[in-house]
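# Fold and contact review
Now for the letters of each chain:
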Amino acid sequence: GVDGAISLSYIAEGGAHDAAYLSKGTRENAYFALRLALADLLCKEEKLPLILDESFAHTDDNRTKQMLRILMALAAEDTQSLVLTCHTREEKIADTVGAYNLIEL
C-alpha cells in the first residue's frame, strides 16, 4: 500500500506492516516500482527520463537484472533511463540483458 506521504506498507502474517521492516534491497525494489508507477501515472503524454542514482546498491544480482530488464523494456517505449553508479556490477549485469550506452566520467 501507499499512503498520502508516499510511505509504503505491505500485508503479511495477518496484518499491515511498514516497509521499514523489509530488507534494504527489498525496500529499494518496492520504491523503484513505485517511482515507475508514479512516472506512468503522471506522464501520460510525454515520457520523462528516469534518473536512478545508486538505486541497485543494496539489491542482489537477480533483482538488479530484473530491474535492468524493466528499464530496457521501457527504453523500447521511448523512456530514457540514466543509471548512475560508481560500481561495475550494474555494467556486468547489463551486458547479459541487452544493449545500452555506457558513459564513464
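In this report, the structure presented in the accompanying data block is examined. Since this is a predicted model, take the numbers as computed values, not measurements. (Residues numbered from 1 in each chain as written. Predicted model: local features only at pLDDT ≥ 70, side-chain atom pairs only at ≥ 80, totals over all residues. Heavy atoms only, no water.)

Okay, the layout of surface pockets next. What the largest pocket holds in volume is close to 880 Å³. Every residue lining the largest pocket is counted, 24 residues in all, and those nearest its centre are Val83, Tyr100, Asn101, Leu102 and Ile103. Broken down by secondary-structure element, the contributors of at least two residues to the lining of the largest pocket are helix 2 (61-75), strand 4 (81-84) and helix 3 (89-95). (1 Å grid on protein atoms, 1.4 Å probe; cavity = no way out; pocket = protein on both sides within 12 Å on 5 of 7 lines; lining within 4 Å. Points joined across faces, edges and corners; volume = space filled by probe spheres on them. Helix = DSSP H or I, 4+ residues; strand = E, 2+ residues; numbered from the N terminus.)

This part takes up the pattern of salt bridges. Considering all chains together, one arrives at one salt bridge under this definition. A salt bridge links Arg89 to Asp61, with the shortest nitrogen-to-oxygen separation between them at 2.7 Å. Of this pair, Arg89 sits in helix 3 while Asp61 sits in helix 2, and the two are 28 residues apart along the sequence. (Salt bridge = Lys/Arg side-chain N within 4 Å of Asp/Glu carboxyl O.)

Moving on, we come to the environment of Thr88. Within the element layout of this structure, Thr88 appears in the loop between strand 4 and helix 3. Taking the C-alpha atoms as reference points, Thr88 and Cys43, separated by 45 residues in sequence, lie 31 Å from one another.

Time to look at the nonpolar core. In terms of nonpolar packing, the biggest core is built from 10 residues, these being Phe32, Leu36, Leu50, Leu52, Phe56, Met67, Leu68, Leu71, Ile93 and Ala94. Contributions of two or more residues to this core are made by helix 1 (24-42), strand 3 (50-53), helix 2 and helix 3. Ranked by the residues each element gives to this core, the list is headed by helix 2, at three residues. When sequence neighbours within four positions are dropped, the list of residues in contact with Leu50 reads Leu36, Ala39, Leu71, Leu74, Thr79, Gln80, Ser81 and Leu82. (Core = buried A, V, L, I, M, F, W, Y, C linked by side-chain atoms within 4.5 Å. Buried < 20%, exposed > 50% of the residue type's maximum accessible area, 1.4 Å probe, protein only. Contact = heavy atoms within 4.5 Å.)

Here helix 1 crosses helix 2 at 10 degrees, and the two axes come no closer than 11 Å. Between helix 1 and helix 2, the interaxial angle falls into the category roughly parallel. On helix 2, the residues that touch Gly25, Thr26, Asn29, Phe32 and Leu36 of helix 1 are Arg63, Met67, Ile70, Leu71 and Leu74. For the contact of helix 1 with helix 2, the residue count by class is six nonpolar, three polar and one charged. (Axes fitted to C-alpha atoms, helices over the stretch in contact; angles between N-to-C directions. Parallel < 35°, antiparallel > 145°, perpendicular 65-115°, else oblique. Nonpolar A, V, L, I, M, F, W, Y, C, P; charged D, E, K, R; others polar.)

Glancing now at helix 1. For helix 1, which comprises 19 residues, the first-to-last C-alpha distance of 26 Å matches the rise-based estimate of 27 Å (1.5 Å per residue) to within 8%. If you check which residues of helix 1 are buried, you get Gly25, Glu28, Asn29, Phe32, Leu34 and Leu36. Of the surrounding secondary structure, the elements contacted by the buried residues of helix 1 are strand 3 and helix 2. (Expected span 1.5 Å × (residues − 1).)

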